[in-house]
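The primary structure of each chain is shown beneath.
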Amino acid sequence: MKKLGSRYKPGIIFNEKELPQVKSWKVGQKYHLMLEVEMTSLRKEIDYHIAPLEKMSDGTAPKIISAGFEVKAVGAEEEDYGSEYARRMKGRRS
């Protein structure tokens, strides 16, 4: 799993109907979620985090590829989430 750096981190919100475990979870703790997402967009745009600091050799601002996703399903991973994830992914590849 790739850790996100210091730049803006995308956030998502789930209510107790979508993810019942949130009722017993504590703010500030870390939890593993399994998401099924559908990619809905792809674009190349100016990277505003570095654009004010750098310009390309031709004077334009640097660009970065960004993708939009729609969350289709969510689940809380159990303690042995690695093997459960592997089992589910193996079934999808068949």
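That block above? That's the structure.
A few points on the structure. (Residues numbered from 1 in each chain as written. Predicted model: local features only at pLDDT ≥ 70, side-chain atom pairs only at ≥ 80, totals over all residues. Heavy atoms only, no water.)

**Some points on the overall build of the protein**
When helices and strands are tallied, the protein shows 1 helix and 2 strands. Ordered by position from N to C terminus, the α and β elements of the protein give β-β-α. Of all 94 residues assigned to the protein, the portion counted as buried reaches 12%. Within the protein, contacts between residues separated by at least 24 positions form 62% of all contacts whose residues are at least 6 apart in sequence. Total accessible area on the protein stands at roughly 8,600 Å², and carbon and sulfur atoms take up 54% of it. (Helix = DSSP H or I, 4+ residues; strand = E, 2+ residues; numbered from the N terminus. Buried < 20%, exposed > 50% of the residue type's maximum accessible area, 1.4 Å probe, protein only. Contact = heavy atoms within 4.5 Å. Areas by Shrake-Rupley, 256 points an atom, 1.4 Å probe, with all protein chains shown as cover.)

**Description of the side chain of Glu 77**
Within the secondary structure, Glu 77 sits in the loop between β2 (63-76) and α1 (81-93). A relative accessible area of 17% places Glu 77 in the buried class. Here Glu 77 is in contact with His 32, Leu 33 and Met 34, once residues within four sequence places are set aside.

**With respect to the packing of aromatic side chains**
Enumeration according to the criterion identifies 1 aromatic pair in this entry. Seen in terms of ring centroids, Trp 25 and Tyr 31 are 4.1 Å apart; in terms of plane orientation they differ by 5°. Their pairing is stacked. Under the relative-accessibility criterion, Tyr 31 is labelled partly exposed at 33%. (Phe/Tyr/Trp six-rings, centres within 6.5 Å; stacked < 30°, edge-to-face > 60°.)

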